[in-house]
Amino acid sequence: MLDESVYFAPVAELSRRIRERSLSPVELTEGYLDRIARFSGRYNAFVTVTRDLALEQARAAEREIGGGHWRGPLHGMPWGAKDLLATKGVPTGWGTRFLADQMFDEDATVVRALHEAGAVMLGKTHMVELAGCLGYRFANASVAGPGRNPWDPSRWTGGSSSGSGAAVAAGLCAFALGTETWGSILCPSAFCGLTGLRPTYGLVSRAGGMVGAYSFDKIGPLARSAADCRFVLDAIQGPDPRDPTSSGARVDLSADPPQVSTLRAAKVTLEKAKPCDPQVQRAFDDAVEALRAAGLAIEDAKLPEYPAAEVSGTLISVEALAAFEPFFRDGRVTRLVDDLAWMQWDVARAITGADVMKAWRMRYELQGIVDDFFGRYDVVVTPNFRSIAPPVTADLNAALPDPDPAGAIGVACGLPALALPMGFGPGRMPVGFQLLGAPFSEPTLLALGELYQQRTSHHTEHATVA
C-alpha cells in the first residue's frame, strides 16, 4: 500500500523513484486505479477507465526500465486524457449523451506521443459537452453532471476540462491533458489549485482532437508544477503532417533559462470590474512580490485597448456553428444538457459574412498591436480569476461576470499562458494567477513558473480526499 502523498507527488519525484526502482509503475498504476474506483464518481473525474490498457502499459514500462531502457521523465507515469481526444478502441464521447459510444480507428497525435514517451493512460476524463463551444450557463452541461471540486464538492472545477481538473486535484492521476478554446485549461487550473499550460496555437498538434473552433483550439497539460508541464509539453509539442494548422515549430525546453534580471514584466489588473475579493487580492500581491524578490522587473501597465472579446467571440461562434452544423441539422443538438444550446444556430446565423471578414481583419490588426506590446515586455503578470470557484448550481453568467481582457487577447492572438497557484481565498479555496507571453515564449514562462514555485509552496498543497 502506497502512502497517499505519492498520489499528489510531482512527476519529477515520481519519475526519479521509478527510475531508481524504489517505486513500481505497476504499483503506482494500480494505486491510481484504486483511487479512481473509490473517488472518481464523487467528482465526475473519469468517464471511461482503461484498466486493462493501463496495466499493460505499466507492465511494459516496468520491463523496459528494469532492462535499462528509460524513455524519459514520463515513462511509467499514469495520466488522463480529456474525452475529446481520439483513443483507438476506447469511446470518445465529447461530453455528450448522443456520442457516448463514438469510436475512432486511431489515436490523437498527442495520445500517440504520450504512449511513445512511455506514459500510462488510465482513461478518459469528463468534460463540458462539446467543450462548451456552443455556450453553457450551468456547470451541469455534461453527460456526467457538474465537475465537482475536490477542495469542496459543492463547488465547480471549471470548464470545459472539468474532469481533467478534478482528476489531478483529487490525486487520481499524475497529470492530465485538457484543451482550451477560451479558458478551459486556465479556469480549472485556477479553481483546483493546479499548474496548467496553454501552449502557443499550433505548437501542439490537434490531429485526432474534436474541433470546436478551428483557429482557436489548443491542447495542453494540467499538472502539479511548472516542471511537470515542461515534461509534458516536451513530449507532445512539434510538427505534425496530420494537422494542417501545425506551426511546424518546437521550442527548446532544454536550453538554459533566461536570466530573470534581463526580463521585463507588465503587471496588469482589470479595470471596470467588480471589486476583487480582499483575500484574492492579497494572494496576487504576494505572488507579484515573490517574483520581484526573485529579480523580475515588474511595472504597472495596461493591455492594449481593443475589442478583443468581441472579435474572439464572433469568430468562435461561427467556427463552432460550422463544426457542429450536422448536430443542428439532424436535431441532436436538442439532446444537449444545456437547453439553450440549440439557439446558437440563430445567434450565429445572424452574423454576416461581412461581420466575419471584419472580425478577421481586426484580429490581424490586434496581433500586430500585441507584437508591439511584447516588444516592450517579455511577460504579463495578471490574475487568472479574481474569485474562487462558484457553486455547481450557480448561473455562470452571473457568478463569473468580470471582463477577461487577458483571455480575449490571448486566444485571439494564439498566445501561451501558464496558470500558477498563488494561495487561497474564502473557504480555503484555491486561487491563481497567470503568466502570459508572446508566441513560442513557453521556455520563459516555464522558467519563471519554476522560479516562482521554488520560492513558494502553494503548488504542493492538495485537497483532502477521503
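A brief report on the enclosed structure follows. (Residues numbered from 1 in each chain as written. Predicted model: local features only at pLDDT ≥ 70, side-chain atom pairs only at ≥ 80, totals over all residues. Heavy atoms only, no water.)

Attention now goes to the pattern of salt bridges. For side chains bearing opposite charge, pairing can occur when the charged atoms are close. Summed over the entire model, instances satisfying the criterion amount to 20 salt bridges. Across the pair glutamate 4 and arginine 35 runs a salt bridge, and its minimum N-O distance is 3.6 Å. With glutamate 4 in the segment before helix H1 (11-20) and arginine 35 in helix H2 (residues 25-43), this residue pair connects regions lying 31 residues apart in the sequence. A residue is classified by how much of its surface remains accessible, and arginine 35, at 3% relative accessible area, is buried. What emerges from the salt-bridge pattern is a single network uniting Glu106, Arg112 and Arg242. (Salt bridge = Lys/Arg side-chain N within 4 Å of Asp/Glu carboxyl O. Helix = DSSP H or I, 4+ residues; strand = E, 2+ residues; numbered from the N terminus. Buried < 20%, exposed > 50% of the residue type's maximum accessible area, 1.4 Å probe, protein only.)

Below, the discussion takes up the state of the cysteines. Evaluated as defined, the whole model comprises zero disulfides. Cysteine 173 forms no disulfide, and the closest cysteine sulfur to it belongs to cysteine 192, at a distance of 11 Å. Of all cysteine sulfurs in the structure, the one in cysteine 133 sits closest to cysteine 413, which takes part in no disulfide; the separation is 19 Å. (Disulfide = S-S within 2.5 Å.)

Strand order in the open sheet made by the eleven strands is E1-E3-E2-E6-E8-E7-E12-E13-E11-E9-E10, with mixed pairing throughout. Single-partner strands in this sheet number two, and they are strand E1 (46-49) and strand E10 (297-300). On average, adjacent strands in this sheet sit at an angle of 25° to one another, irrespective of strand direction. As paired elements, strand E9 (residues 264-267) and E10 share four bridges and run parallel to each other. The partner of arginine 264 across the bridge, within E10, is alanine 297. Sheet strands touched by helix H4 (residues 109-116): strand E2 (78-82), strand E3 (120-125), strand E6 (175-180) and strand E8 (218-223). Its angle to E6, the strand with the most contacts, is close to 160°. Those strands touched by helix H15 (residues 442-455) are strand E7 (195-198), strand E11 (379-383), strand E12 (417-424) and strand E13 (430-437), and its axis lies near 15° from that of E12. (Pairing = 2+ DSSP bridges. Axes fitted to C-alpha atoms, helices over the stretch in contact; angles between N-to-C directions. Contact = heavy atoms within 4.5 Å.)

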